[in-house]
Amino acid sequence: MVPAKGKVICAGLGPGDPELMSVKSWRALKSAKHVAYFRKEGRQGQARTLVDGLLAEGVIEHAIEYPVTTEIHFSDPEYNRILAAFYDRWADTLAQIAQSEDVVVLCEGDPFLYGSYMHLYTRLQGRVAQEIIPGITGMSGCWTVSGQPITWGDEVLTVALATLSEDELTRRIRDTDALVVMKIGRNLPKLRRALESAGRLQDAWLVERGTMPGQTVQKLTEVTGEVPYFSIVLVTDRGAGHDKRHRSRLGENCRPWPRQRGHGDGPGAGGHRRSHGYCRLYPLCETHPRTPWPDPACDG
Ligand SMILES: C[S@@+](CC[C@H](N)C(=O)[O-])C[C@H]1O[C@@H](n2cnc3c(N)ncnc32)[C@H](O)[C@@H]1O
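Below, the structure is looked at part by part. All figures in this text were calculated on a predicted structure; none of them were measured in a lab.

Things to note about the nonpolar core
Alright, step 1. By size, the foremost hydrophobic cluster in this structure holds 29 residues, and its most contacted members are Ala 11, Leu 94, Val 104, Val 105 and Leu 106.
Alright, step 2. For this core, the elements supplying multiple residues, two or more each, are β1 (8–12), β2 (34–39), α2 (46–50), α3 (77–98), β4 (103–107) and α4 (117–124).
Alright, step 3. Counting residues per element, this core draws most heavily on β4, at five residues.
Alright, step 4. In this view, Leu 106 contacts Ala 11, Leu 13, Val 35, Tyr 37, Ala 47, Arg 48 and Val 51; residues no more than four positions away in its chain are not counted.

Printed below as a string of structure tokens:
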């Protein structure tokens, strides 16, 4: 067999703002002669939208149109059969193009985080060379625009899909400190109930179209109606989980902050005092348990 001259490159494009794409992905795009991207029939597709104006003149575009999205439930064997055949066909097509030239497959966020490309990746292994360019994930874009750090100290972060059953969601929410929930869509009522049962509904935020035009950040309790496909729910306990473990480990050294000398005098101290019973400067607290100054960046 003649070895292929090209390879299949999957370029992670980041969460939405084109400026959040890596230089490596950008370089791959600029020189690409073939570009492929997933999309729903009749739509441009988010990944393709992200590269508007960046592709070389004369580039050959390959729209990989899903044969089904939500018309058949994913638990139906027919759904799996149709999609498996679809991925087989597209793996053949990409392998064929790579015989002579590189082809760049576009991927919103990071390819290896719930990315459709993974279905092609496994099918192409051993057939043709592949290169995966990682991207900033959608969740990372979303927690950044929410203005709330997602995890502190040794907290556990759980990433779940809202397609899980209500019981499973509730269990996962109860078990974690911080939470990201993706693929919300029609599952929003179920997710709300699970958050409520786990006692975390009041801590939940919804970010729609994070870093994209039309971005919104709202408390989940204030959201009415349906949410777009690009929506993420974030729950952070602002360090409370770590706080509990940290205090039991450090005992007296991690005191309620008002008793720490100097706290309350510095910038940001007012907010700190009002909302936090304990010093939340975990890394500093751990290394310098008697740190005398609250972090000016503390969001209080
Ligand atoms: C199939 S997953 C793809 C994830 C992607 N590979 C990544 O790294 O973020 C699609 C889900 O990611 C979430 N998502 C991705 N980017 C987002 C963004 N910019 N704003 C809100 N949600 C986003 C949504 O929950 C959406 O339903």
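On we go.
Side note on the sheet that holds strand β6 (residues 157–161)
Think of a sheet as strands paired side by side through backbone hydrogen bonds, with each pair either parallel or antiparallel.
Alright, step 1. Strand order across the open sheet formed by five strands is β6-β7-β10-β8-β9, with mixed pairing between neighbours. A single partner strand is all that each edge strand has here, and the edge strands are β6 and β9 (216–219). Averaged over all neighbouring strand pairs, the angle between strand axes comes to 20 degrees, with direction disregarded.
Alright, step 2. Bridge count between strand β8 (residues 204–208) and β9: four bridges; the pairing is antiparallel. Bridge pairing in β9 links Glu 208 to Thr 216.
Alright, step 3. Its contacts with the sheet put helix α5 (residues 138–146) on β6, β7 (178–182), β8, β9 and β10 (231–235), and the angle it makes with β10 is roughly 60 degrees.

Description of helix α6 (residues 166–175)
Alright, step 1. Here α6 has its buried residues at Leu 169, Thr 170 and Ile 173. The buried residues of α6 all sit within an arc of 100 degrees when viewed along its axis, so they share a single face. Structural note: α6 exposes Asp 167, Glu 168 and Asp 175 on the side pointing more than 90 degrees away from its buried face.
Alright, step 2. Contacts made by the buried residues of α6 are with β6, β7 and α7 (188–197).

Quick look at the environment of Glu 226
Alright, step 1. When you line up the elements, Glu 226 lands in the loop between β9 and β10.
Alright, step 2. The exposure class of Glu 226 is exposed, given the 10 C-beta atoms found within 10 Å.
Alright, step 3. As a C-alpha pair, Glu 226 and Leu 188 span 38 residues in sequence and 8.0 Å in three-dimensional space.

Remarks on the sheet that holds strand β3 (residues 60–65)
Alright, step 1. Spatially, β3-β2-β4-β1-β5 is the arrangement adopted by the five strands of the open sheet, whose pairing is parallel. With one partner strand each, in any of the chains shown, β3 and β5 (130–133) form the two edges of the open sheet. Taken pair by pair, the neighbouring strands of this sheet meet at an average axis angle of 20 degrees, ignoring direction.
Alright, step 2. Looking at chain direction, β1 and β4 are connected through five bridges and run parallel. Paired with Val 8 across the two strands is Val 103, which belongs to β4.
Alright, step 3. The strands touched by helix α1 (residues 23–30) are β1, β4 and β5; relative to β1, the strand with the most contacts, the crossing angle is about 130 degrees.
Alright, step 4. The strands that α3 touches are β1, β2, β3 and β4; relative to β4, the one it contacts most, it runs at about 140 degrees.

Definitions and limits used
- Residues numbered from 1 in each chain as written.
- Predicted model: local features only at pLDDT ≥ 70, side-chain atom pairs only at ≥ 80, totals over all residues.
- Core = buried A, V, L, I, M, F, W, Y, C linked by C-beta atoms within 7 Å.
- Buried ≥ 20, exposed ≤ 12 C-beta atoms within 10 Å, placed from the backbone.
- Helix = DSSP H or I, 4+ residues; strand = E, 2+ residues; numbered from the N terminus.
- Contact = placed C-beta atoms within 7 Å.
- Pairing = 2+ DSSP bridges.
- Axes fitted to C-alpha atoms, helices over the stretch in contact; angles between N-to-C directions.
- Arc of directions from axis to C-beta.

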